[in-house]
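So you can see what is in the structure, the chains are spelled out below.
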Amino acid sequence: MKSEVLIVNTEHHPKAVIVIFGATGDLAKRKLYPSIYQLLQNNRIGREFAVVGVGRRPWTNEEFRQNVNTSIENAVPDHGDTEEFLSHFHYHPFDVTNPGSYQELKGLLEELDHTYEIPGNRMFYMAMAPEFFGTIAINLKNEGLTSTEGWSRLVIEKPFGTDLPSAQKLNDEIRAAFSEDQIYRIDHYLGKAMVQNIEVIRFANAIFEPLWNNRYIANIQITSSEWLGVEDRGRYYESSGALKDMVQNHILQMVALLAMEPPIKLTDEEIRSEKVKVLRALRPLKENEVSDYFVRGQYGKGSIRNEDVAGYREENNVDPQSNTETFVAGKLTIDNFRWAGTPIYIRTGKRMPAKSTKIVVQFKDIPMNLYYNNGQSMHPNLLVINIQPDEGITLHLNAKKTSERSYAAPIKLDYNNNCIDGINTPEAYEKLIDDCLRGDATNFTHWDEVALTWSYVDTIAKAWSSVPAAFPNYQSGTMGPDASDELLAKDGFHWWPVTDTE
Ligand SMILES: NC(=O)C1=CN([C@@H]2O[C@H](COP(=O)(O)OP(=O)(O)OC[C@H]3O[C@@H](n4cnc5c(N)ncnc54)[C@H](OP(=O)(O)O)[C@@H]3O)[C@@H](O)[C@H]2O)C=CC1
Ligand SMILES: O=C1O[C@H](COP(=O)(O)O)[C@@H](O)[C@H](O)[C@H]1O
């Protein structure tokens, strides 16, 4: 097995053949092709690249290119001429479970190396159901597709397992063919501009870092709400639920970035090592404690954006008695010097009033209220990190208003990436494909993180699977069940509104 030396190439265009397994599928169409197109538009790749699509459909190169073109038309309405770009796309139909077919793929990749002057660099992107990941990885190795003069990297989509034992099994399978530093496990939240900004906000600002601990922060709240329901993903979602779909990966990754110690250097190893320490310090729950710390919900029917919508149990491919949660709220505690006593609250759910991901850091109150009227409560300072749809930060302060004599009033300082810079930040997949092409694994999840997050989440899933819930327990278009508010009220806190309708 070849272990690669990581050299982050920031100056030159990476040269590689990108092989997409699952090239006729939804992810490739909606996210991957538009991202590769944007990489070319944004001068992140040059002409020395090729994309090979693999699926079972007996498409020709022409049909494949037509489909890629349609996906670009849908995602990038103001795109330019795509003809030259599309000429780099090649389709190779085969069933990935058939080892005999990999030799033909190998021949095609070598031909493309020659045509586009690519020095044997390969990105193998698994945009297929996880049950195929191990088979593809081992076939790639056994048939010699990873033995080239250049680098070979394996990009793995979620879900990475459904619990710790299945994740471990999957990891063992892919590790039989690729070393850890060749594996890029996607968590698309790590490609979002404002998730990447968490580190910069914390470690590049003298006004925050000294306060970033349990002495000055009362609590941190992470909310990721969606107004969409489960759509056509009922079959997958029934075996997942919000806990495994969102908390195990995206939410716990944000927790790690918010709570980690400053890394000694900005390298992927150093950052991962600090994130892993946070995940190790997460206080594990016992099964009989889960109901004190975590709340689950499932949407019933209701109204979203003035339209009546069905409840989860009425959705396609969903059991009419389903016990699957579409909402989770939780209180996380981190047992280390920096965070002991400061809870991190998380909540995520479908069919909530709006699409929004926000982090609210609530600072502790100052010791004495000099400025507010008697009986008026203080307005705590909040730092709000707006992940999406707006990208930016808002700082809630108190200041004297000219109209008032001596009293303070809450004010907001706003920085909005989209408005102020006037540019669109790259889509998460664009950023992640770019990073992988350049050998930068910082924004991908290491196996240690995957193992620790599954281990934390497995206890909650186990506790929930043994006791049926009284579902549905929140109406579509609301912020989840009442128990979510009660979770914070027990500690004397409340959720800070993250949508206009709250
Ligand atoms: N769609 C999304 O938004 C997201 C998807 N993901 C993950 O990405 C992966 C792909 O998802 P998605 O695109 O939605 O899935 P789809 O079901 O839309 O696509 C599956 C793809 O796999 C191919 N395929 C299936 N079996 C074989 C086989 N035996 N040999 C060769 N090709 C095969 C299909 O090609 P054909 O039909 O031509 O055989 C198709 O291209 C999954 O792991 C999913 O969890 C993660 C995040 C978001
Ligand atoms: O991974 C997933 O994420 C999406 C939410 O992602 P976002 O970038 O739109 O916030 C979620 O809808 C989906 O269920 C989940 O699998």
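Residues numbered from 1 in each chain as written. Chains lettered and ligands numbered in written order. Predicted model: local features only at pLDDT ≥ 70, side-chain atom pairs only at ≥ 80, totals over all residues. Heavy atoms only, no water.

Enquirer: Can you break down the domain arrangement of the protein chain residue by residue, with the values?
Expert: Quoted interface sizes are often the accessible area lost when the parts come together. If you check the domain split of the protein chain, you get domain 1 (16-157) and domain 2 (190-361 + 445-490). Taking only C-alpha atoms, the centre of domain 1 and the centre of domain 2 are 33 Å apart. (Domains from an automatic or database assignment.)

Enquirer: Residue-level account of the site of ligand 1, with values.
Expert: Surrounding ligand 1, one finds 21 residues, the nearest of these being T24, D26, L27, R30 and R56. In the model, an oxygen atom of ligand 1 is placed 2.8 Å from a nitrogen or oxygen of the L27 main chain. Between ligand 1 and the protein, one listed contact pairs an oxygen atom with a backbone N or O atom of K158 at 2.9 Å. Contact with the protein chains covers 78% of the free accessible surface of ligand 1, which is 890 Å². (Near = heavy atom within 4 Å. Polar contact = N/O pair within 3.5 Å; in protein donor to acceptor, adjacent residues only side chain to side chain. Areas by Shrake-Rupley, 256 points an atom, 1.4 Å probe, with all protein chains shown as cover.)

Enquirer: Describe the pattern of salt bridges, listing the residues and the values that go with them.
Expert: Taken as a whole and assessed by the stated rule, the structure comprises 21 salt bridges. The partner of R122 in a salt bridge is D113, and the shortest N-O contact between them spans 2.8 Å. Here R122 and D113 have matching classes, each one buried. Here D245 and K158 are joined by a salt bridge, their closest N and O atoms 3.0 Å apart. Of this pair, D245 sits in helix α9 (residues 241-259) while K158 sits in the loop between β5 (152-156) and α6 (164-175); the two residues are 87 residues apart in sequence, bridging distant segments of the chain. Classification of D245 as buried rests on a relative accessible area of 3%. Classification of K158 by relative accessible area gives partly exposed; the value is 23%. Through salt bridges with shared partners, a single ionic network connects R202, E209, E261 and R338. (Salt bridge = Lys/Arg side-chain N within 4 Å of Asp/Glu carboxyl O. Buried < 20%, exposed > 50% of the residue type's maximum accessible area, 1.4 Å probe, protein only. Helix = DSSP H or I, 4+ residues; strand = E, 2+ residues; numbered from the N terminus.)

Enquirer: Describe the nonpolar core, and please don't skip the residues or the numbers.
Expert: Membership of the largest hydrophobic core comes to 109 residues, with the highest contact counts inside it found for F21, F294 and I359. Considering every element that reaches this core, the biggest residue donor is α9, with twelve residues. The two domains that each donate at least three residues to this core are domain 1 (16-157) and domain 2 (190-361 + 445-490). By size, the runner-up hydrophobic cluster in this structure holds 37 residues, among which are Y33, F64, Y91 and F444. (Core = buried A, V, L, I, M, F, W, Y, C linked by side-chain atoms within 4.5 Å.)

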